[in-house]
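Structure at a glance
Here is how the chains run, residue by residue.
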Amino acid sequence: MTEVDSVVAHGAHDLRVQRTELPMMSASEVEVAPAVGGICGSDLHYFHDGGVGDFTIREPLVLGHEIAGTVTRIGGDVIGLPVGTRVAIDPSRPCGTCESCRRGERNLCTDGRFLGSAARTPHVQGGFRRRIVVGAAQCVALPDDLNFADAVFAEPLAVAFPAVGRGGPLLGRRVLVTGAGPIGALIVLAAHRAGAAEITVTDVLDAPLAFARRLGAHATVNVAEIDGDGVIEECDVAFEASGAPAALPTCAARLRPGGRLVLVGLLPPGLVPAPGNRVVTRELDVVGSFRFVGAEFRAALDALATGLDVSALLTGRFGIDDAVAAFETASRREESMKVQIVFDGS
Ligand SMILES: [Zn+2]
Ligand SMILES: [Zn+2]
């Protein structure tokens, strides 16, 4: 068994850089040496809370699902992905056989495996490690001119694209985004591309709102300082990207009758109060958005390769040995958007 340095969450506030065993590679799998890994909001939840949404860490979990790197070994059945290929890894591996998969809705797979996730036990170990074994089908070759640092934005962008799709056509629409973290910011970018006429963004901190303005927000509101209900324009579509229960009544209050609310941020575990009567009397549509299909991941990579500029979101880079510092820095939202872990390939 090969052992490699890995970033492992053992529970809340117990993150260690330690050796973990690399699993055996099957004929349809490849081994990749990650070059860059992006720290996601869900990784931060595992770090701070020992879980995210309704998923709790029950055994040591290698974090990380935003990964790009170089293929170092290939299984016997793998074709078209030679050693040395630079790839972005689609962290999602649908089962291919459940009813959702057979319907072609692989994002809804009920038996899927997602890198660095405690959604199932045994957990699916993630990509913040010097080597990782993944299905060859999860690897998408990078165009020569797309660097690793940009390529790892494919995953959060692949979350933002279908979320925006769930909002319906946005051309000429007024949009509200609650929460200006990386996902909220990428939703702003995607909504802007989709032709939204007016994009208002809320957060409880000024720094992320400044990022949102750079990415296309027309108006921003710091709801820690002012009551948003009085100043936020009425909107057609709202995207909840903060995961804060307090954002739900704001979205419901500022949506026009018949408007649509897309829930993207994972709320705290269990039940949260919802503005039910508002949904009923205004006949609002409320939908959720969580994962993506392979085509959406590739579409996100294509967008990055053809000039979609996300570089403004990258605020920090750390070596794997400084992973704890990377997570602490990424947690300080007043100074960080996306923080990356850089592997030196050894
Ligand atoms: Zn992510
Ligand atoms: Zn499935």
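I will try to describe carefully the structure that is included in this document.

What counts as what
Residues numbered from 1 in each chain as written. Chains lettered and ligands numbered in written order. Predicted model: local features only at pLDDT ≥ 70, side-chain atom pairs only at ≥ 80, totals over all residues. Heavy atoms only, no water. Helix = DSSP H or I, 4+ residues; strand = E, 2+ residues; numbered from the N terminus. Buried < 20%, exposed > 50% of the residue type's maximum accessible area, 1.4 Å probe, protein only. Contact = heavy atoms within 4.5 Å. Areas by Shrake-Rupley, 256 points an atom, 1.4 Å probe, with all protein chains shown as cover. Lys, Arg positive; Asp, Glu negative; His and termini not counted. Charge placed at Lys NZ, Arg CZ, Asp CG, Glu CD. Donors = N, O, S within 2.8 Å, 3.2 Å for Na, K, Ca; no water. Tetrahedral: all angles 85-135°; square planar, octahedral: opposite > 155°, others 65-115°. Axes fitted to C-alpha atoms, helices over the stretch in contact; angles between N-to-C directions. Parallel < 35°, antiparallel > 145°, perpendicular 65-115°, else oblique. Left-handed = near helix turned anticlockwise from the far one by under 90°. Nonpolar A, V, L, I, M, F, W, Y, C, P; charged D, E, K, R; others polar. Salt bridge = Lys/Arg side-chain N within 4 Å of Asp/Glu carboxyl O. Phe/Tyr/Trp six-rings, centres within 6.5 Å; stacked < 30°, edge-to-face > 60°. Lys NZ or Arg CZ within 6 Å of the ring centre and 35° of its normal.

This next bit is on the overall build of the protein chain. The helix and strand inventory of the protein chain stands at eleven helices and 20 strands. Reported as C-alpha extents along the three principal axes, the dimensions of the protein chain are approximately 60 × 40 × 40 Å. Of all 346 residues assigned to the protein chain, the portion counted as buried reaches 51%. Taking contacts inside the protein chain between residues at least 6 apart in sequence as the whole, the part at least 24 apart equals 69%. Roughly 14,700 Å² of accessible area belongs to the protein chain as shown, and the carbon and sulfur atoms make up 51% of that amount. In the protein chain, 31 positive and 41 negative side-chain charges are present, and the distance between their average locations comes to 4 Å.

Protein coordination at the zinc ion (ligand 2) comes from Cys95 (SG), Cys98 (SG), Cys101 (SG) and Cys109 (SG), with a distance range of 2.3 to 2.4 Å. Viewed at the metal, the four donor atoms of the zinc ion (ligand 2) are separated by angles of 105 to 118 degrees, and the geometry they form is tetrahedral. Going along the chain, you hit the donors of the zinc ion (ligand 2) in the pattern C-x2-C-x2-C-x7-C. With a gap of eleven residues between them, Cys98 in the loop between strand S9 (92–93) and helix H2 (99–102) and Cys109 in the loop between H2 and strand S10 (113–114) connect regions that are remote in the sequence. Take Cys98: its relative accessible area is 12%, and that puts it in the buried class.

Attention now moves to the coordination of the zinc ion (ligand 1). Protein ligation of the zinc ion (ligand 1) involves Cys40 (SG), His65 (NE2), Glu66 (OE) and Glu155 (OE), the donor distances falling in the range 2.2 to 2.5 Å. Coordination at the zinc ion (ligand 1) comes from four donor atoms whose angles at the metal span 87 to 167 degrees, giving a geometry best classed as irregular. Written as a sequence motif, the donor residues of the zinc ion (ligand 1) are C-x24-H-E-x88-E. One end of the pair, His65, is in the loop between strand S6 (61–62) and strand S7 (66–74); the other, Glu155, is in helix H4 (residues 154–166), and 90 residues separate them in sequence. The burial state of His65 is the same as that of Glu155; both residues are buried.

Time to look at unusual backbone geometry. In this structure, the amide linkage connecting Thr121 to the following residue, Pro122, adopts the cis form with an omega of -5 degrees. Of note, Pro122 is situated in the loop between S10 and strand S11 (132–135).

In this section: the packing of H4 against helix H5 (residues 182–193). The N-to-C vectors of H4 and H5 enclose an angle of 55 degrees; their axes lie 9 Å apart at closest approach. Classified by the angle their axes make, H4 and H5 are oblique. As H4 runs across H5, the sense of the crossing is right-handed. Contacts between H4 and H5 involve Pro156, Leu157, Val159, Ala160, Phe161, Ala163 and Val164 on the former and, on the latter, Ile183, Leu186, Ile187, Ala190, Ala191 and Arg193. In terms of residue class, the contact of H4 with H5 is built from twelve nonpolar, no polar and one charged.

Here we take up the pattern of salt bridges. Evaluation of the coordinates by the stated rule reveals 15 salt bridges. Residue Asp111 is joined to Arg120 by a salt bridge in which the shortest nitrogen-to-oxygen separation is 3.2 Å. Under the relative-accessibility criterion, Asp111 is labelled partly exposed at 40%. Judged by relative accessible area, which is 28%, Arg120 ranks as partly exposed. Asp285 serves as the salt-bridge partner of Arg260, at 3.6 Å between the closest nitrogen and oxygen. Here the residue Arg260 occupies a position in strand S17 (residues 255–263), and Asp285 occupies one in strand S18 (residues 285–288), the gap between them amounting to 25 residues.

This part covers the packing of aromatic side chains. Aromatic ring pairs are described here by two measures, namely the spacing of the ring centres and the angle between the planes. Tallied over the entire structure, the rule returns three aromatic pairs. Judged by centre distance (6.2 Å) and plane angle (80 degrees), the ring pair of Phe128 and Phe327 falls under edge-to-face. Of this pair, Phe128 sits in the loop between S10 and S11 while Phe327 sits in helix H11 (residues 323–331); the two residues are 199 residues apart in sequence, bridging distant segments of the chain. Here the two residues Phe128 and Phe327 agree in accessibility, since each one is buried. Consider the rings of Phe292 and Phe297, whose centres lie 6.1 Å apart with planes at 20 degrees: the pair is stacked. By way of ring pairs, the aromatic residues Phe47, Phe128 and Phe327 are connected into one cluster. Lying across the ring of Phe148, Arg86 places its NZ or CZ 4.7 Å from the centre.

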